[in-house]
Amino acid sequence: MVKITLILLLFKSANAFSGYQYASKAYVQMHQNQSRYSRVISNFECNQPFKLVKDHGEFSEVSYAAYKGFILSRNLISSKNKECPQDKYSKFFEYLSLDVSDMHYWGRLQDLYVTGEVNP
Amino acid sequence: MIKFLLLILISLGSFSKKQMPVNNDFINFENIKGVLKKDQLEKTLTEKQKRAQIQKQKKKSKQMKLYGLPTQDDFWKIMIEHWLVKNITILKWDFRKPDYGVDEYFTNFLRQTGEIGLKFNILYLNTPNISHFAFPMGSNEYLFLVSVPFIKSLDLSKLEISIMLLEDLLRVKNDYFINSFDSKLTSSLSGGSFYQKEFPSKNLKTLMTKIDEKVFEKGFSFQEQHKITKMMNNILISDTQNWQAYYRMLSKIDELVKGNLMYKNYLKIYPSPELQMNWLNPTKN
């Protein structure tokens, strides 16, 4: 009985971990609605954790503190990104001296790319 | 009894004088050194010094890592995105547009021509300042800029747009973009670290200016255009429809740049559609 309870608790905690998503690009934007042209609620840096509320396919409904909105699913990843440029080159990004507008547009770029991949 | 005890003590004292170092030896540091060496404390000290040196090295390399410059794989992606952000007002890529469906068509087209194992991003521009251009974005990753006014003026089909992007892909794969930059300039901004050095901000500004020059003024040479046209001919000739679409696209561009002042700079970047048609013309070859 104890063993079953422990296994159930472990399974629940694993599920809780899988309910988190992380920003996978240098900057990522949260929108009010499920549209890349919808009002931008906020801009987030790479590896920002979000609680996944619901996966809507192209967009994921997420929340972080008081922020709740939609982020393009392709800009999210289920575990921390080891390739975050701000983590790999922290001082370099510091010296780039990006202002708020630069960070906003860097996040905007990630939404406006039309992406493709040519697999065999 | 007391006398007996005294006798024993004196004899022990004389015995200790023979077996142990005399009292004066405790002030004689040479003898202490000998004892310490025998106790291997010197070895322990050396090991501690080595460990401290290793810790110091680790701390230094951790600091150096913080000051790392982008690797070759990440360098152009960061630089090009930085350039796109800084030139938002000129490039006008932040605008509402429909889904033209080019990505799916282009993916199938590339697979058909044998260009597999690559990732691409297309960014549409709401300006004729740049008609089209391709950038390297890391290992087998590319960015294509496409002007919406340009493709609308030419009324290009998805096939013709895909052919135009293939031409751009060949230019970037042949390093025509990367080779136009001084290697000293790019190496000062990539690889290694600027730990305990000045951040190369001047070189960064120079690189941004050089990208502007390449994209807006210098473009590609006649020799590069000739080589690309020949490569395109070899790739597309096996499919008549594709080859004719390429020739038709060049003809459309030639007509546009000769008749529309908005595209008068096109020939500076991509010389010249008329020559390309001559190189392709089967009656002349």
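Residues numbered from 1 in each chain as written. Chains lettered and ligands numbered in written order. Predicted model: local features only at pLDDT ≥ 70, side-chain atom pairs only at ≥ 80, totals over all residues.

### Observations regarding the overall build of chain B
A tally of helices and strands in chain B yields 14 helices and 3 strands. Taking all 285 residues of chain B together, the buried fraction comes to 24%. (Helix = DSSP H or I, 4+ residues; strand = E, 2+ residues; numbered from the N terminus. Buried ≥ 20, exposed ≤ 12 C-beta atoms within 10 Å, placed from the backbone.)

### A closer look at the overall build of chain A
The helix and strand inventory of chain A stands at 4 helices and 8 strands. For chain A, the N- to C-terminal ordering of α and β elements is α-β-β-β-β-β-β-β-α-α-α-β. Looking at the 120 residues of chain A, the share that counts as buried comes to 28%. Put simply, of all contacts in chain A between residues at least 6 apart along the chain, 60% involve residues at least 24 apart. (Contact = placed C-beta atoms within 7 Å.)

### Some points on the interface of chain A and chain B
Across the contact, 23 residues belong to chain A and 31 residues belong to chain B. A per-element tally of the side of chain A that touches chain B places helix α4 (residues 100–112) of chain A first, with 6 residues. Taken together, the residues that form the side of chain A that touches chain B break down as 14 nonpolar, 4 polar and 5 charged. Where strand β8 (residues 114–118) of chain A meets strand β1 (residues 118–125) of chain B, 5 bridges bridge the pair, whose relative direction is antiparallel. Pairing of Val 114 of chain A across the sheet is with Ile 122 of chain B, part of β1 of chain B. (Nonpolar A, V, L, I, M, F, W, Y, C, P; charged D, E, K, R; others polar. Pairing = 2+ DSSP bridges.)

### Concerning the domain arrangement of chain B
For chain B, the assigned domains read domain 1 (25–66) and domain 2 (72–280). When each unit is reduced to the centre of its C-alpha atoms, the spacing between domain 1 of chain B and domain 2 of chain B is 60 Å. (Domains from an automatic or database assignment.)

### Things to note about the environment of Phe 120 of chain B
In this fold, Phe 120 of chain B is placed in strand β1. According to the C-beta neighbour criterion, Phe 120 of chain B is buried, with 24 such atoms within 10 Å. For the pair formed by Phe 120 of chain B and Ala 134 of chain B, sequence separation is 14 residues and the distance between their alpha carbons is 9.9 Å. Those residues in contact with Phe 120 of chain B that sit more than four places away from it in its chain are Gly 116 of chain A together with Tyr 142 and Phe 144 of chain B.

### Some thoughts on the nonpolar core
Among the nonpolar cores identified, the biggest contains 70 residues, and Ile 71 of chain A together with Phe 135, Tyr 142 and Phe 144 of chain B are the most heavily contacted of them. Once you skip the residues sitting within four places of it in the chain, Phe 135 of chain B turns out to touch Trp 76, Ile 80, Tyr 142, Leu 143, Val 172 and Phe 177 of chain B. (Core = buried A, V, L, I, M, F, W, Y, C linked by C-beta atoms within 7 Å.)

### Thoughts on the pairing of strand β6 (residues 67–72) of chain A
The pairing of strand β5 (residues 59–64) of chain A with β6 of chain A spans 6 bridges and is classified as antiparallel. Bridging from a neighbouring strand, Ser 63 of chain A pairs with Lys 68 of chain A of β6 of chain A.

### Regarding the sheet that holds β1 of chain B
Read across the open sheet, the 4 strands follow the order β8(A)-β1(B)-β3(B)-β2(B); overall the sheet is mixed. Single-partner strands in this sheet number two, and they are β8 of chain A together with β2 (132–136) of chain B. The average undirected angle you get between the axes of adjacent strands in this sheet is 20°. Taken strand by strand, helix α6 (residues 102–113) of chain B contacts β8 of chain A together with β1 of chain B, and its axis lies near 20° from that of β8 of chain A. (Axes fitted to C-alpha atoms, helices over the stretch in contact; angles between N-to-C directions.)

### A short note on the packing of helix α8 (residues 158–173) of chain B against helix α12 (residues 240–259) of chain B
Residue and element names in this part refer to chain B. Axis separation between α8 and α12 bottoms out at 9 Å; the angle between their running directions is 80°. It follows that α8 is roughly perpendicular to α12 by the angle criterion. Residues Leu 159, Glu 160, Ile 163 and Met 164 of α8 touch α12, and the partners they reach there are Asn 242, Ala 245, Tyr 246, Arg 248 and Met 249. Here the residues of the contact of α8 with α12 sort into 6 nonpolar, 1 polar and 2 charged. (Parallel < 35°, antiparallel > 145°, perpendicular 65-115°, else oblique.)

### Things to note about the packing of helix α11 (residues 222–236) of chain B against helix α14 (residues 273–280) of chain B
All names here are of chain B. Interaxial distance between α11 and α14 falls to 10 Å at its minimum, and their mutual angle equals 45°. The orientation of α11 with respect to α14, classified from their angle, is oblique. The handedness of the crossing between α11 and α14 is right-handed. Together, Gln 225, His 226, Thr 229, Lys 230 and Asn 233 of α11 and Gln 276, Trp 279 and Leu 280 of α14 make up the contact between the two elements. In the contact of α11 with α14, the residues fall into 2 nonpolar, 5 polar and 1 charged. (Left-handed = near helix turned anticlockwise from the far one by under 90°.)

### Things to note about the pairing of β2 of chain B
In summary, the side chains of a regular strand alternate between the two faces of the sheet. Residues and elements named next belong to chain B. Here β2 lies mainly inside the structure; 4 of its 5 residues are buried. Where β2 and strand β3 (residues 141–147) come together, 5 bridges link them in antiparallel fashion. Across the sheet, residue Phe 133 finds its bridge partner in β3, namely Leu 145. Connecting β2 to the next strand, β3, in antiparallel fashion are 4 residues, including Gly 138 with a positive phi near 115°.

### Some points on α8 of chain B
Residue and element names in this part refer to chain B. For α8, built from 16 residues, the straight-helix expectation of 22 Å at 1.5 Å per residue is met to within 8% by its first-to-last C-alpha distance of 22 Å. Restricting attention to buried positions, one finds in α8 the residues Glu 160, Ile 161, Ser 162, Ile 163, Met 164, Leu 165, Leu 166, Glu 167, Asp 168, Leu 169 and Arg 171. Just downstream of α8, Asp 175 is the residue with a positive phi angle, here 60°. (Expected span 1.5 Å × (residues − 1).)

### What about the environment of Tyr 89 of chain A?
Residues and elements named next belong to chain A. Within the fold, Tyr 89 resides in the loop between α2 (85–88) and α3 (90–96). You can call Tyr 89 buried: it has 23 C-beta atoms within 10 Å. Expressed as a C-alpha distance, the spacing of Tyr 89 and Leu 112, which sit 23 residues apart in the sequence, is 25 Å.

### A short note on the environment of Ile 80 of chain B
Residues and elements named next belong to chain B. Within the secondary structure layout, Ile 80 lies in helix α4 (residues 72–86). Residue Ile 80 is classed as partly exposed on the basis of its 19 C-beta neighbours within 10 Å. Setting aside chain neighbours within four positions, we find Ile 80 in contact with Phe 135, Met 137 and Leu 143.

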